[in-house]
Amino acid sequence: MRNIVCGILAHVDAGKTTLSEAMLYATGMRRQLGRVDHKDAFLDTHDLERQRGITIFSKLALLNTEHLQITLVDTPGHVDFSAEAERTMPILDCAILVINGTDGVQAHTLTLWELLQRYHIPTFLYVNKMDLPGKGKEALLSQLQERLSGNIVDFGADFDTIAEAAAVCDEAVLEQYLNDGSVTAGNIQGLIAGRKLFPCCFGSALKLEGVDEFLSILDTYAPENTYPEEFSAKVYKISRDPQGNRLTWLKVTGGSLKVRSALSYRNRDGKDFTEKCIQLRVYSGPQFTQAEEIPAGNCCAVQGLSATYAGQSLGADSDDTQPILEPVMSYQINLPAGKDPLTVLPQLRQLEEEDPQLHILWDDRLKQIHAQLMGKVQLEILQSLILQRFDLPVTFDTGHISYKETIRTTVEGVGHFEPLRHYAEVHLLMEPGEPGSGIHINSKCPLEILDINFQRLILTHIAEKHHLGVLTGSPVTDLNITLVSGRAHLKHTEGGDFRQATYRAIRQGLMQAESVLLEPWYEFVLTVPTPQIGRAITDIRSMSGEFDSPESSGDDSILRGIVPVSEVRDYASDVASYTHGTGIFQTRLLGYRTCHNADEIIEARGYDPEADLENTPDSVFCAHGAGFTVKWNQVPEYMHLSSILEKPAQPQIVTRNLRMDDKELERIMEREFGPVRRRQYTAPVNRPAADKLPIAPPKENLLIVDGYNVLFACDELEQVAKIDLGSARQRLIELLDNYSSFKHCQIILVFDGYRAKGNPGEKQLHNQMQIVYTKEGQTADAYIESMATQIGSNYNVRVVTSDSLVQLSSFRSGLLRMSARELWMDIERSEGQLRTLLEDFHQREYRKFHKKEVHQ
């Protein structure tokens, strides 16, 4: 028998749990048909579920058909718990979507349908409650085809009718059908698996009508899956049993999982764990059996894993799942008198871990705990869970909307963190993203500029935090963040340095950008008797909503549109009141759009981004041996790397570091490393006569040039390097070769080669200039420092770099220093002198030639 994991989803009160009970009863898994209203449903086992008559937590049930072993995943139907339904979708092989035959397609039905599309899950439809008065089978099928998909087919018809309908869903099947008139069961199964065909059945689960037929269709056409031999798994839920044991619910998607086997994984913070699976539980309802091994395609709950999380991939599967549904309301949690919030916070984190769409936030400034939720029902459930689990009778405030922020303009954010003996600089390109896209992170930083490990560290720091906007301090979203440049120091950069620089770069970019405040919006369908349509239109306009022209449906009128969540409040109750119970106001979360009253919200929040020291946009630079803070709007004047948004100008030399004279450098060295010991003057002993003194030959001038540092200090070469680094490097060699000839000095040009695997290093001779490519594991900085101390006394050595740390090291060695900026100015000056000499030469030659002609 084949194994499949099948989810069952529906709008609230569509009869989803009733259908689950009917399927269990029809397959012989239950001797008695449970009912929600009798509070004896097999899958609604929690006290809160039986009290309220709704499903709150997803649960598993096992049942068998003729050819299938089905793991049925029952999910909540209420919109407040839609995130619980979403997080089961990555483990589903197929899904059953239950439609209420008396109401048809509801707002939440559309949300579920979009989720099924997003996760590409083959779907079977069961239209329930057909024993009650309603629209009728034909009208319902027409609505399903119009609102969901035109490829929804009534599988209660004969096979020839089904085959003909299936053929038009795919060109290849249609061609086969036209050629020989055949459509096989395999064709239909393939179309269903590819979401090109959606079987639909009509019945009444309560009366077991259509249930056997539906099970037969599922048994015949459920998709077949193959799994790889290497172990992999998908975590979809975290819970705790009555004894407090932490359970990781997962589906094995490759190989198998054995009890007491060790699993290696990383938690949300990137920390590595290796833990044993103490127990493997196979649940069906509230009961479970212990298993020695779980093969691919099956689900289980694992005891022994302490840091897993919902949406996580284990083993060979490395693609974590990020949900698209998110809470839109925020409430302050009021604790009982005498309770320490910091003591309660870890307990609430357990609930957050079990429900990823419950966000527990700690306000360190106000010492308050806040919870972000989907709605009031979830709030009431949370209140009950806190009381049951932790014996804490908490209350909540009235709540407020969870706002977000984005940007409208492209900016480059720069963060620099350089207290003494620390160093990191990060440049991020921040661009507006598509609405609803969230935050996308990428790197386009060349490896020649920043090592791959540092780049990965920066990307991790971007992703690890909810970065706050500068209008109201709300989280930012719909943003494309690209690492374009960065810098580290071999000796002084630590991991935490890049965290600080990255956070400051994002914040500095947001301070520059044109920010936009976003708020959640609902998509609504408002059905009222036609005489009340004027009142409905007036209400929607007063709520700053947008809508299409009203539609007529018998004695009713239907209004469709969008409206800010903040304005809706209890409008559904108002509709029921003024229509005497005949009107219906349905909503579903559309996403975040521009806030309709942004100025009012920003003023009410009174947020000062520069006063938020936990999210500072300022940078830290170093001078005179100590770090000092530079305001965000002055960072471009101090940063060490070029801006990628700067337009090249000719000529242009950008200053990237503070200038320090020798006395300042000496004071730094004395404070950090002790006095600089110099040879004291003493009178010569047995001084020879003046005519016998040896005359020392003049010392040769030698420049040791930090290649990439100098290259990227020239805007022209930097632009060339973005296209072809080799061409930029060759151009630098040519310029320095000319400069060496004109200045009569020797040059050693050093390039980083330490990132190339197995690179032994290389030295070349270009005319009179030596070119060095350092070996693997050796930076240009380290090579220069080492070589500078070994140069003989026959040279006047000058180290050319804008790296202040290398300058300090050169000073320590008693060497002269020249910044990259000074070198480029001298090159430009030398080229000007050379042009003047050439012009003078040509003019002299011209005069000689002209004088000669006159004499002749």
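Caption draft 1: Region of interest: the pairing of strand β8 (residues 232–240). β8 sits mainly inside the fold: 8 of its 9 residues count as buried. Two strands pair when backbone bridges link them, and β8 and strand β9 (residues 246–254) are joined in this way by 8 bridges, in the antiparallel orientation. Following the sheet pairing, Ser232 is matched in β9 by Gly254. Across 3 bridges, the pairing between β8 and strand β17 (residues 313–315) is antiparallel. Bridge pairing links Ser232 to Gly315 in β17.

Caption draft 2: Fine view of the confidence of the model for the protein chain. For the protein chain, the mean per-residue pLDDT works out to 84, and 86% of the residues sit at or above 70. Taking the mean pLDDT of every element in the protein chain, the minimum, 49, falls on helix α19 (residues 662–673) and the maximum, 97, on strand β7 (residues 198–202). In the model, residues 647–662 has pLDDT below 50 throughout and makes 36 contacts with residues more than four positions away in sequence or in other chains. Segment residues 676–696: pLDDT under 50, and 6 contacts once partners within four positions in sequence are set aside and those in other chains are kept.

Caption draft 3: Summary view of the sheet that holds strand β13 (residues 279–284). In space, the 6 strands of this open sheet follow the order β14-β13-β16-β9-β8-β17, with antiparallel pairing throughout. Across the chains shown, the open sheet's two edge strands, defined by having one partner strand only, are β14 (287–290) and β17. Averaged over all pairs of adjacent strands, the angle between their axes in this sheet comes to 40°, without regard to strand direction. Both β9 and strand β16 (residues 299–303) contribute to a ladder of 5 bridges, which runs antiparallel. Its bridge partner being in β16, Leu250 is matched across the sheet by Cys300. Taken strand by strand, helix α10 (residues 341–354) contacts β8 and β9, and its axis lies near 140° from that of β8.

Caption draft 4: Structural context of empty space enclosed by the protein. Across all of its chains, the model carries 2 cavities of 30 Å³ or more by this definition. Space inside the largest cavity adds up to approximately 70 Å³. For the largest cavity, the full set of lining residues is Lys465, His467, Leu468, Tyr503, Ile506, Arg507, Leu510, Asn615 and Thr616. A per-class count over the lining of the largest cavity returns 4 nonpolar, 3 polar and 2 charged.

Caption draft 5: Up close: the side chain of Ser330. Examined against the element boundaries, Ser330 turns out to sit in strand β18 (residues 329–334). Sequence-distant contacts of Ser330, defined by excluding residues within four places in its chain, comprise His370, Ala371, Gln372, Gly399, His400 and Ser402.

Caption draft 6: Local environment of the environment of Gln303. On the secondary structure map, Gln303 appears in strand β16. Separated by 43 residues in the primary sequence, Gln303 and Arg260 have C-alpha atoms spaced 10.0 Å apart. Discounting chain neighbours no more than four positions away, the residues touching Gln303 are Asn245, Arg246, Leu247, Lys276, Cys277, Ile278, Gln279 and Arg281. Side chain to side chain, Gln303 and Arg281 meet in a polar contact 3.3 Å long.

Caption draft 7: Focus on the packing of aromatic side chains. Using the criterion set out here, one finds 15 aromatic pairs in the structure. A centroid spacing of 6.5 Å and a plane angle of 35° characterise the contact between Phe621 and Phe628, whose relative ring orientation is tilted. Cluster of aromatic residues (ring-pair linked, three or more members): Tyr708, Phe712, Phe751 and Tyr773. The ring centre of Phe288 lies 4.5 Å from the NZ or CZ of Arg281, which sits over that ring. Over the ring of Phe751 we find Arg729; its NZ or CZ atom is 6.0 Å from the centre of that ring.

Caption draft 8: Inspection of the pairing of β18 at higher detail. Along β18, 5 of the 6 residues are buried, which leaves the element largely enclosed by surrounding structure. Of the strand pairs in this sheet, β18 and strand β20 (residues 368–373) are connected by 5 bridges, and their pairing is antiparallel. Bridged to Tyr331 within β20 is Ala371. Strand direction decides the pairing type here: β18 and strand β22 (residues 400–401), joined by 2 bridges, are antiparallel. The residue bridging Met329 from the neighbouring strand is Ile401, located in β22. Note: β18 against strand β21 (residues 395–396), 2 bridges, orientation antiparallel. Bridged to Ile333 within β21 is Phe396.

Reading guide: rules and limits
Residues numbered from 1 in each chain as written. Predicted model: local features only at pLDDT ≥ 70, side-chain atom pairs only at ≥ 80, totals over all residues. Heavy atoms only, no water. Buried < 20%, exposed > 50% of the residue type's maximum accessible area, 1.4 Å probe, protein only. Helix = DSSP H or I, 4+ residues; strand = E, 2+ residues; numbered from the N terminus. Pairing = 2+ DSSP bridges. pLDDT = per-residue confidence, 0-100. Contact = heavy atoms within 4.5 Å. Axes fitted to C-alpha atoms, helices over the stretch in contact; angles between N-to-C directions. 1 Å grid on protein atoms, 1.4 Å probe; cavity = no way out; pocket = protein on both sides within 12 Å on 5 of 7 lines; lining within 4 Å. Points joined across faces, edges and corners; volume = space filled by probe spheres on them. Nonpolar A, V, L, I, M, F, W, Y, C, P; charged D, E, K, R; others polar. Polar contact = N/O pair within 3.5 Å; in protein donor to acceptor, adjacent residues only side chain to side chain. Phe/Tyr/Trp six-rings, centres within 6.5 Å; stacked < 30°, edge-to-face > 60°. Lys NZ or Arg CZ within 6 Å of the ring centre and 35° of its normal.

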